[in-house]
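What follows is each chain in one-letter form.
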Amino acid sequence: MTRVGHLLKARETGILLALVIVVAATTIKNPAFLFSTDGWRDLLLTPAILMLVAVGQAIVIITRSVDLSVGSVVGLSAYLTGRTFIDLPGLPWPTVFLIGLVFGGLLGLVNGALVAFAKVPALVITLGTLYIYRGINVMWTGSDRINASDMPKEFLALGTSSLLGIPYLTIIAVVVLVAAGWYMYTQRAGRELYAIGSDPAAAHLYGLKVTQRVLAAFVVCGALAGLAGVLYAARYGTVNSQAGSGWELDAVGAAVIGGVAIFGGSGTVWGAAIGAYLLLTINRALPVIGVQDFWQRAVVGVLILGAIVLDRVLAVRQSRRLTEARNS
Amino acid sequence: MSDTPEQTDAPAPAVLELSRIAKAFGAVVALTNGTLRLERGSIHALVGENGAGKSTLVKIVAGLYQRDAGEFTLDGASVDFTSTAQAKDAGIAVIYQEPTLFPDLSVTENIFMGRQPRGALGVIDRRAMKAEALALFERLGVRIDPDRPTLGLSIADQQILEIAKAISLDAKVLIMDEPTAALSGVEVERLFAVARGLRDEGRAILFISHRFDEVFALCDTVTVMRDGAYISTSPISDTTVPEIVRQMVGRDVTTLFPKTEVPIGDVVLEVRGLTQPGVFSDVSFVARSGEIVALAGLVGAGRSEIARAVFGVDPYASGTVTVDGRPIAKRSPSAAMVAGIALVPEDRRQQGLVLDSSVARNATLAIRRTLARLGLITNAAENGSARIWASRLEVKTAALDTEVGTLSGGNQQKVVLAKWLATDPKVLFVDEPTRGIDVGTKAEVHRLLSELAGQGLAIVMISSELPEVLGMADRVLVVHEGRITADIPRAEATAESVMFAATHAEGEAA
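Conventions adopted
- Residues numbered from 1 in each chain as written.
- Chains lettered and ligands numbered in written order.
- Predicted model: local features only at pLDDT ≥ 70, side-chain atom pairs only at ≥ 80, totals over all residues.
- Heavy atoms only, no water.
- Helix = DSSP H or I, 4+ residues; strand = E, 2+ residues; numbered from the N terminus.
- Rg over C-alpha atoms; globule rule 2.2 N^0.38 Å.
- Buried < 20%, exposed > 50% of the residue type's maximum accessible area, 1.4 Å probe, protein only.
- Contact = heavy atoms within 4.5 Å.
- Areas by Shrake-Rupley, 256 points an atom, 1.4 Å probe, with all protein chains shown as cover.
- Lys, Arg positive; Asp, Glu negative; His and termini not counted.
- Charge placed at Lys NZ, Arg CZ, Asp CG, Glu CD.
- Buried area = accessible area lost by both parts, 1.4 Å probe.
- Salt bridge = Lys/Arg side-chain N within 4 Å of Asp/Glu carboxyl O.
- Polar contact = N/O pair within 3.5 Å; in protein donor to acceptor, adjacent residues only side chain to side chain.
- Nonpolar A, V, L, I, M, F, W, Y, C, P; charged D, E, K, R; others polar.
- Pairing = 2+ DSSP bridges.
- Axes fitted to C-alpha atoms, helices over the stretch in contact; angles between N-to-C directions.
- Phe/Tyr/Trp six-rings, centres within 6.5 Å; stacked < 30°, edge-to-face > 60°.
- Lys NZ or Arg CZ within 6 Å of the ring centre and 35° of its normal.
- Core = buried A, V, L, I, M, F, W, Y, C linked by side-chain atoms within 4.5 Å.
- Parallel < 35°, antiparallel > 145°, perpendicular 65-115°, else oblique.
- Left-handed = near helix turned anticlockwise from the far one by under 90°.
- Expected span 1.5 Å × (residues − 1).
- pLDDT = per-residue confidence, 0-100.

Colleague: Talk me through the overall build of chain A; I want residue IDs and the actual numbers.
Modeller: Looking only at helices and strands, chain A has 15 helices and two strands in total. Its C-alpha radius of gyration of 20 Å places chain A within 12% of the 20 Å reference for a compact globule of 328 residues. For chain A, the spread of C-alpha atoms along the three principal axes comes to 70 × 55 × 35 Å. For chain A, with 328 residues in total, the buried portion stands at 51%. Taking all contacts inside chain A whose residues are at least 6 apart in sequence as the whole, residues at least 24 apart take part in 77%. Surface exposure of chain A reaches about 15,000 Å², of which carbon and sulfur atoms provide 69%. Taken as two groups, the 23 positive and 15 negative side-chain charges of chain A have centres that lie 10 Å from each other.

What follows is the structure, given as structure tokens:
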């Protein structure tokens, strides 16, 4: 098959097409959705933070695990970021930026270590850490909250300003996405993550470093959620104890919509990123089109189920085709 | 070869040497004396019955299991592998019995996973990788699209992929655990040519196979194992098939599994033209009252699948199943049960028993509906029914409320049998009834099956153990690649005739 043929058949292309249709339809209804400074900015900006979390989530799902604690990690690192600015006022903002990232990575390490060594399914472990991390957050924050005035201007600018009409946040998210996509496709370790998710027992027989790789996937996922937390603080300026709450499901949903198989082994971070864009853009588009608030969550649900059904149909068709190819 | 100068009469150091390796899994002893010596430039056959400990030995060499006792040296140096990666790094490549592939990934990636050729920045050189894969396929003389996912590959192609993988490792020791089970004649010849090429390069090859013609055609040395222990090693030119078989079995085959002669009655089960594309095709056979019919054949030939389809667990595309002349709805285990079919599955721990439940609960699992009064089952009813069967089958258990998981393998098997016999079946399918059971209990299970046949049950027994098949069956149906290739009456069934039909493609079998 030609390169173009592959590209047209790729799962990611379908999701991208859906995104384009949503944007186009909404823009026809209300041109300001795309053709206004705010509209353009929101379109690029809103999904950028979730995209980071979805990329991390996709990496973990590809190894046949899942990380439900990412929402709590986002919240905790967002609060840590604000707190650091208040408690250590002399610290330059890039250092604080890095602290949030490393902190998220450490929380991911805790998840990964529990999953890799306790031999308990990630679903259960990270459900536990979801509550634990959030609990720590609530305990630490109390009824307090971080306000924009607590943080330096240059840092807040990161969340709201643009370069050549493209928000910094979007640029960061895309850079991370490209790096992750490149790594997953071209590096041995990246391919081994796919292998582990495709058949963990076979990966073990191959002599792949299964424990180490799964651990690394969780660390990366945590670090990206940590980064998302830092950017959350920069973007919204206000952080209370519930920041990022519920994001884990959006992240899983984005990955699934983007064609990442929930049982691991296939899908790409590109798909997950586009899935995140589609998810949040639909959320913004529905009110414009005139769909009631009430139905918006349901539409997201339909989208997720649709994606799963589509995957299933494609898988069955592919399996049949491959079997026929061998018999002929 | 880089031989150091040595006296010609001193034995060359073995590439790999195992001596008195022992390995147990809990109470089950898999190996008591694993002994093997592989030489450079030699193809060494390892033969033995199912359960003789060959695969366990291989897995110890591969670093998958750790030995409990014994010596393991590579080039004279003692080694202790704790992972498959270490064994791989030491130059040991293994082709396992079951293909171990990543279904989502491409054929090429499957071959090179973990050691892909890389360019600048560690970027995988996909072009070089594909070229290498094509070169490997060229060498093996096969055509497989290197870009397709391995999902949906035939078993033969999967096996070839495993071989390609092992060859590409460039290992000094290559172990092949029944690599030819799913291959056609041409593919086997190609594999042999490659194996001989590797031998001439000075590598050591261990070849595990049940097919004696292949062992004699390919290997120069043969080691026989039995019941987890080393029996003998001899040059292939100094031995014969009957000699090897005698050492493998170590006992007189026909007297060990006595099936008492009972009058054979009417046809109970009739299967006609059962077909499920890609799994089995045009399977027809009958089983009569009082008769034990064995489904023999190699692992993976489709025997269990046929049984599961007849019982209604798996689908089939066409064909009919009748019991006492009445057709049975497909895909309905409950219809099959009502009609009088019972299936004792191969994997009793997963499919036959609820391990955490009591003996009584398990033994009455299949008749809970008839046991219940107004939907409730009393302990008394449960125990009453269970007691009958436990005593008839002589289940050795402390009490009926003992957890089944704590019983020995043989007694677990009896509980599964009790469960199905309680349904008062007319046809009993038993899938590998004595797998993982010690020799003494085996005989008991056989006596039991024989008795049941005497009571007029039609028994269809799937077994990979040749002595069991020959000793127990009134008729041997041989399944090869999803087809019944031979129907051999008891009088004519010999190890050779059954093995021949099981290993040879259509048309040749008697």
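Colleague: Account for the interface of chain A and chain B, naming residues and giving values.
Modeller: In this complex, chain A contributes 25 residues to the contact, which on the side of chain B involves 31 residues. Summing both partners gives a buried area of about 2,500 Å² for chain A against chain B, and 56% of it is carried by carbon and sulfur. Where chain A packs against chain B, one counts one salt bridge. Here Arg191(A) ties to Glu109(B) by a salt bridge, and the two come within 2.6 Å at their closest N and O atoms. Joining chain A to chain B, the criterion identifies 12 residue pairs in polar contact (both at pLDDT 80 or more). Classifying every residue of the side of chain A that touches chain B by side-chain character gives 10 nonpolar, 10 polar and five charged.

Colleague: I'd like a description of the sheet that holds strand S14 (residues 318–323) of chain B, backed by residues and values.
Modeller: Residue and element names in this part refer to chain B. Spatially, S12-S11-S14-S15 is the arrangement adopted by the four strands of the open sheet, whose pairing is antiparallel. In this open sheet, the two edge strands, each paired with only one partner strand, are strand S12 (280–288) and strand S15 (326–327). Pairing of strand S11 (residues 267–276) with S12 involves six bridges; the strand directions are antiparallel. Residue pairing for S12: Val 271 is matched across the bridge by Phe 285. Set on the sheet, helix H10 (residues 303–311) makes contact with S11, S12 and S14; between it and S12 the angle comes to about 70°.

Colleague: Please provide a residue-by-residue account of the pattern of salt bridges, values included.
Modeller: The final tally for this structure, using the stated rule, is 26 salt bridges over all chains. Bridged by salt links that share partners, the residues Arg139(B), Asp170(B), Glu201(B) and Arg203(B) form one connected network.

Colleague: Go over the packing of aromatic side chains with me, naming the residues and quoting the values.
Modeller: One pass over the full model with this rule turns up 10 aromatic pairs over all chains. Residues Phe72(B) and Phe81(B) carry aromatic rings whose centres are separated by 5.5 Å and whose planes lie at 90° to one another, so their mutual orientation is edge-to-face. Overall, the relative accessible area of 9% leaves Phe81(B) in the buried class. Grouping aromatic residues by their ring pairs yields a cluster made of Phe85(A), Trp93(A), Phe97(A) and Phe155(A). Above the plane of the ring of Tyr194(A) lies Arg191(A), whose end atom (NZ or CZ) is 4.6 Å from the centre. The ring of Tyr185(A) carries the charged tip of Arg126(B) above its face, separated from the ring centre by 3.6 Å.

Colleague: Tell me what's going on with the nonpolar core, and back it up with residues and numbers.
Modeller: Residues Phe102(B) and Ile111(B) are the most contacted members of the largest nonpolar core, which totals 144 residues. Ala301(B), Ile367(B), Val415(B) and Val445(B) belong to the second largest nonpolar core, which has 82 residues in total.

Colleague: Report on unusual backbone geometry, specifying residues and quantitative values.
Modeller: At Leu164(A), a residue that is not glycine, the phi angle is positive and equals roughly 55°. Mapping Leu164(A) onto the fold places it in the loop between strand S1 (162–163) and strand S2 (166–167). Judged by relative accessible area, which is 83%, Leu164(A) ranks as exposed. The phi torsion at Leu121(B) lies on the positive side, around 60°, for a residue other than glycine. Counting through the fold element by element, Leu121(B) comes out in the loop between helix H3 (107–112) and helix H4 (126–140). Its relative accessible area of 72% is what places Leu121(B) among the exposed residues.

Colleague: With reference to specific residues and values, describe the packing of helix H2 (residues 11–29) of chain A against helix H14 (residues 269–289) of chain A.
Modeller: Two measures define how a pair of helices packs: the angle their axes make with one another and the distance between the axes. Residue and element names in this part refer to chain A. Interaxial distance between H2 and H14 falls to 9 Å at its minimum, and their mutual angle equals 20°. Our classification of the angle between H2 and H14 gives roughly parallel. Seen along the crossing, H2 lies across H14 with a hand that is left-handed. Contacts between H2 and H14 involve Glu 12, Ile 15, Leu 16, Ala 18, Leu 19, Val 22, Val 23, Thr 26 and Lys 29 on the former and, on the latter, Trp 270, Gly 271, Ile 274, Gly 275, Tyr 277, Leu 278, Thr 281, Ile 282, Ala 285, Val 288 and Ile 289. Residue composition of the contact of H2 with H14, grouped by class: 14 nonpolar, four polar and two charged.

Colleague: Describe helix H4 (residues 48–62) of chain A, with residues and values.
Modeller: Residues and elements named next belong to chain A. Here H4 contains 15 residues, and its C-alpha end-to-end distance of 21 Å stays within 8% of the 21 Å for a straight helix at 1.5 Å per residue. Most of H4 sits out of view: 15 of its 15 residues are buried. Phi turns positive one or two residues past the end of H4, at Arg 64, with a value near 70°.

Colleague: So, the confidence of the model for chain A: which residues are in play, and what are the values?
Modeller: Model confidence for chain A is summarised by a mean pLDDT of 88, while 95% of its residues fall at 70 or above. Predicted confidence in chain A is weakest over helix H1 (residues 3–9) of chain A, with a mean pLDDT of 57, and strongest over H4(A), with 95.

Colleague: Which residues make up the pairing of strand S7 (residues 173–177) of chain B, and what values do they have?
Modeller: All names here are of chain B. Most of S7 is tucked away, with five of its five residues classed as buried. Burial along S7 is two-sided: the residues Val 173, Ile 175 and Asp 177 and Leu 174 and Met 176 are all buried. Examined bridge by bridge, strand S6 (residues 92–95) and S7 share four bridges and lie parallel to one another. Each bridged residue has a counterpart across the sheet, and for Ala 93 the counterpart in S7 is Leu 174. For S7 and strand S8 (residues 204–208), the ladder comprises five bridges, and the chain directions are parallel. Bridge pairing links Ile 175 to Leu 206 in S8.

Colleague: Would you mind going over the environment of Pro425(B) in detail, with residue names and values included?
Modeller: Residue and element names in this part refer to chain B. Of note, Pro 425 is situated in the loop between helix H16 (409–421) and strand S17 (427–431). Classification of Pro 425 by relative accessible area gives buried; the value is 8%. When the C-alpha atoms of Pro 425 and Gly 340 are compared, they prove to be 4.3 Å apart, with 85 residues separating the residues in sequence.

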